[in-house]
Amino acid sequence: MERKTMKTALVTGITGQDGSYLAEFLLDKGYAVHGLIRRSSTFNTDRIDHLYKDLHDPSARVYLHYGDLSVSGQLTDMLHTIRPDEIYHLGAQSHVRVSFDMPEYTGDVTGLGTLRLLEAIRKTGIKTRFYQASSSEMFGAAPPPQSEDTPFQPQSPYAAAKVYAYYVVRNYRDAYKLFACNGILFNHESPRRGETFVTRKITRAATRIKLGLQRKLYLGNLDAKRDWGFAGDYVEAMWLMLQHDKPDDYVIALGETHSVRQFLEKVFQKLDMDYREYVEIDSKYFRPTDVNILLGDSTKARNVLGWRPKVGFDELVDMMVKADLELAKKEETLRIAGYERSNNVR
Ligand code: NAP
Ligand code: GDD
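Residues numbered from 1 in each chain as written. Chains lettered and ligands numbered in written order. Predicted model: local features only at pLDDT ≥ 70, side-chain atom pairs only at ≥ 80, totals over all residues. Heavy atoms only, no water.

Quick look at the sheet that holds strand E2 (residues 32-37)
In step 1: If you walk across this open sheet you meet the seven strands as E3-E2-E1-E4-E5-E6-E11, and the pairing is parallel. Looking at the sheet topology across the chains shown, the edges are occupied by strand E3 (62-66) and strand E11 (249-252). Averaged over all pairs of adjacent strands, the angle between their axes in this sheet comes to 20 degrees, without regard to strand direction.
In step 2: Both strand E1 (residues 8-12) and strand E4 (residues 86-89) contribute to a ladder of four bridges, which runs parallel. (Pairing = 2+ DSSP bridges. Helix = DSSP H or I, 4+ residues; strand = E, 2+ residues; numbered from the N terminus. Axes fitted to C-alpha atoms, helices over the stretch in contact; angles between N-to-C directions.)

Quick look at the structure:
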């Protein structure tokens, strides 16, 4: 029987929400997965610890490499050594509010980081396929529904950096015939979502309030609307883009929009509570300019790639509430045993 050679993928941002789901997905498909990680004085691999095996174990297929998207030489050396068949570029300063506090850093990592990787591909001359984590934030103030044909109107340094990255991907595709795709993904969430993004901030706080571990939840703009889907479904779309016979750009979205207030109501209702008793508005969570409404039209991805999301909005909320309730219960057990977790609100 013919033995199939293992494909190799490089994932930047492997320690993030999407990186962890994508690594799982690629391992299931039989890939060897290389990940770029940052040196940190505390552990930053929680989301992928269950995937990592000691490299002395012959079945190990996850390899982690220290590096940073702000250092180009390192990226070039890494590509030269690993020679991945596919590169999934997910690493970024990905928080929109933070991008107003750190605009220069965000431009460097989220915008130029993409250029550095594309240049590394060009200079090493490796044959690979490249996925860019583009974002619905790029549509900004453009009226819904937003599709591949909607002109961008970015409303933050983060969105502007992503627009820059989007266009260099297209330019390198045209100029150097790289197989490079933009996945324009609308918001996607999960129990692994970072705790400072609004959905997870809400599910964490509501479940902690339920168990008496927290009293208040401070939020900003409750009227903003987002098209929220499940991260596990969205990483499949990334992979499908790189399996197609030609490189292109695709919107990935559930196609439903809900306000932050509706999300809040739903979460608190599931826990038999009324959010109005616990939520306070704090101006520090407002942005100088916000995106009012995102609603994606992913017809192209559904028709061309055959992509179908499996988890709907209600199931997503359920999944997040259940997972955070379990986490809060563990926290309560630790508290009873005398261990207090710090709950720094950010
Ligand atoms: P995330 O959880 O914030 O993860 C970001 C990842 O980037 C982390 O692994 C982080 O490492 C890494 N990173 C940050 N700065 C870096 C640097 N200077 N050098 C190397 N790595 C760096 O983000 P996510 O939600 O998984 O999103 C993945 C990508 O999709 C991002 O590019 C994001 O902008 C984009 N996107 C996300 C959504 C969404 O709704 N989730 C929608 C559209 C696009 P540490 O763990 O060390 O911090
Ligand atoms: N984070 C946060 N914290 N957002 C809040 C809060 C709060 O306390 N209160 C209200 N919001 C509102 C924000 O103003 C925004 O309108 C909305 O909730 C969603 O905020 P986030 O969850 O931080 O996500 P985002 O939409 O700004 O950005 C995410 O999605 C993008 C795709 O559209 C990030 O994952 C980006 O990386 C991604 O590109």
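Looking at the side chain of Ser-20
In step 1: With respect to the element layout, Ser-20 can be found in helix H1 (residues 17-28).
In step 2: In this structure Ser-20 comes out as buried when scored by relative accessible area, which is 0%.
In step 3: Other than its neighbours up to four places away in sequence, Ser-20 contacts Ile-14, Arg-47, Ile-48, Leu-51 and Arg-192. (Buried < 20%, exposed > 50% of the residue type's maximum accessible area, 1.4 Å probe, protein only. Contact = heavy atoms within 4.5 Å.)

Some thoughts on the site of ligand 1
In step 1: Inspection of the region around ligand 1 gives 25 residues, with Thr-15, Arg-38, Leu-90, Ser-94 and Tyr-158 positioned closest.
In step 2: At a separation of 2.7 Å, an oxygen atom of ligand 1 approaches a polar side-chain atom of Arg-38.
In step 3: Across the complex, the protein chains shield 90% of the 900 Å² of accessible surface that ligand 1 would expose by itself.
In step 4: Mapped onto the shell around ligand 1, the elements with two or more residues apiece are H1, helix H4 (103-124), strand E5 (129-135) and helix H5 (157-176).
In step 5: The element contributing the most residues to the shell around ligand 1 is E5, with three residues.
In step 6: Of the residues assigned to the shell around ligand 1, the class counts are nine nonpolar, 11 polar and five charged. (Near = heavy atom within 4 Å. Polar contact = N/O pair within 3.5 Å; in protein donor to acceptor, adjacent residues only side chain to side chain. Areas by Shrake-Rupley, 256 points an atom, 1.4 Å probe, with all protein chains shown as cover. Nonpolar A, V, L, I, M, F, W, Y, C, P; charged D, E, K, R; others polar.)

Details of the packing of helix H6 (residues 198-210) against helix H10 (residues 313-336)
How two helices pack is summed up by the angle between their axes together with the distance between the axes.
In step 1: Put simply, H6 and H10 touch, their axes get as near as 8 Å, and they point 50 degrees apart. Here H6 is positioned oblique relative to H10, judged by the angle of their axes. Remark: the crossing between H6 and H10 carries right-handed chirality. Residues Thr-199, Arg-200, Thr-203, Arg-204, Thr-207 and Arg-208 of H6 touch H10, and the partners they reach there are Met-320, Val-321, Asp-324, Leu-325, Leu-327, Ala-328 and Glu-331.
In step 2: Partitioned by chemical class, the residues of the contact of H6 with H10 number five nonpolar, three polar and five charged. (Parallel < 35°, antiparallel > 145°, perpendicular 65-115°, else oblique. Left-handed = near helix turned anticlockwise from the far one by under 90°.)

A short note on the side chain of Ser-147
In step 1: As for its placement among the helices and strands, Ser-147 is situated in the loop between E5 and H5.
In step 2: Relative accessible area serves as the criterion here: at 15%, Ser-147 is assigned to the buried category.
In step 3: Those residues in contact with Ser-147, other than ones at most four positions away along the chain, are Phe-139, Val-251 and Asp-297.

Here we look at H6
In step 1: For H6, built from 13 residues, the straight-helix expectation of 18 Å at 1.5 Å per residue is met to within 8% by its first-to-last C-alpha distance of 18 Å.
In step 2: Taken across its 13 residues, H6 has 11 buried, putting it largely inside the fold.
In step 3: Among the residues of H6, those classed as buried are Thr-199, Arg-200, Lys-201, Ile-202, Thr-203, Arg-204, Ala-205, Ala-206, Thr-207, Arg-208 and Ile-209.
In step 4: Looking at the buried side of H6, the elements it contacts are strand E7 (188-189), strand E8 (217-219), helix H8 (260-270) and H10. (Expected span 1.5 Å × (residues − 1).)

Description of the site of ligand 2
In step 1: Taken together, 24 residues lie near ligand 2, and Ser-135, Ser-136, Tyr-158, Arg-287 and Asp-290 sit nearest.
In step 2: Residue Ser-136 places a side-chain N or O atom 2.6 Å away from an oxygen atom belonging to ligand 2.
In step 3: Calculation on ligand 2 without its partners gives an accessible area of 720 Å², and the protein chains cover 96% of this total.
In step 4: Within the residue set of the shell around ligand 2, elements represented by two or more residues are H6 and E8.
In step 5: Class assignment of the residues belonging to the shell around ligand 2 gives a composition of 10 nonpolar, eight polar and six charged.

Here's the deal with the environment of His-89
In step 1: Inspection of the secondary structure puts His-89 in strand E4.
In step 2: Accessibility expressed as a relative area gives 2% for His-89, which makes it buried.
In step 3: Through-space distance from the C-alpha of His-89 to that of Gln-132 is 5.3 Å; in sequence the pair is 43 residues apart.
In step 4: Residues contacting His-89, with those up to four places away along its chain left out, are Thr-12, Leu-69, Gly-113, Thr-114, Leu-117, Phe-130, Tyr-131, Gln-132 and Ala-133.

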